[in-house]
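Chain and residue survey
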Amino acid sequence: MSIQKVYLEVSADFDVMEYAVAKVVAVDWQTGQILDTLKAESYKGNPYHLAAETRWQLENTLKEQGYEII
C-alpha cells in the first residue's frame, strides 16, 4: 500500500467586517478529491499569519493520519 499524497491550497484575506480569514484545503494529488478543509478567522488579525497557523494545523493532522504532503 502506497502513501496517499496530498497538496494544500491556502487562501488568506480580509472580509468586509475587517476579520482576517484563512482557508486551507487538502486535495488528493492523483484524484483531485477534497479530503479536508479547515477555516479560521480572527478579528483585526493578520490573515497571512492566520493562514500559516491554519496550514500548520491541517498539515500536522494529515501527517498523523499517514498522508504525505507534497
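Structure: above.
Let us look at the structure shown here. (Residues numbered from 1 in each chain as written. Predicted model: local features only at pLDDT ≥ 70, side-chain atom pairs only at ≥ 80, totals over all residues. Heavy atoms only, no water.)

**Notes on the environment of Ile-34**
- Position of Ile-34 relative to the elements: it lies in strand β3 (residues 34-43).
- Remark: the alpha-carbon pair of Ile-34 and Glu-53, spanning 19 residues in sequence, is separated by 20 Å.
- Setting aside anything within four residues of it in sequence, one finds Ile-34 in contact with Val-25, Ala-26 and Val-27. (Helix = DSSP H or I, 4+ residues; strand = E, 2+ residues; numbered from the N terminus. Contact = heavy atoms within 4.5 Å.)

**Topic: unusual backbone geometry**
- A positive phi angle, near 70 degrees, is found at Glu-18, a position not held by glycine.
- Using a relative accessible area of 44% as the deciding quantity, one classes Glu-18 as partly exposed.
- Although it is not a glycine, Lys-44 adopts a positive phi angle of roughly 55 degrees.
- Within the element layout of this structure, Lys-44 appears in the loop between β3 and α1 (47-64). (Buried < 20%, exposed > 50% of the residue type's maximum accessible area, 1.4 Å probe, protein only.)

**Brief notes about the sheet that holds β3**
- Spatially, the four strands line up as an open sheet ordered β3-β2-β1-β4, and their pairing is mixed. Taken across any chain shown, the strands that pair with only one partner, and hence form the sheet edges, are β3 and β4 (68-69).
- Where strand β1 (residues 5-14) lies against strand β2 (residues 19-28), nine bridges are found, and the strand directions are antiparallel. The residue bridging Val-10 from the neighbouring strand is Val-24, located in β2.
- Against the sheet, α1 touches β1, β2, β3 and β4, its axis set at about 30 degrees to β2. (Pairing = 2+ DSSP bridges. Axes fitted to C-alpha atoms, helices over the stretch in contact; angles between N-to-C directions.)

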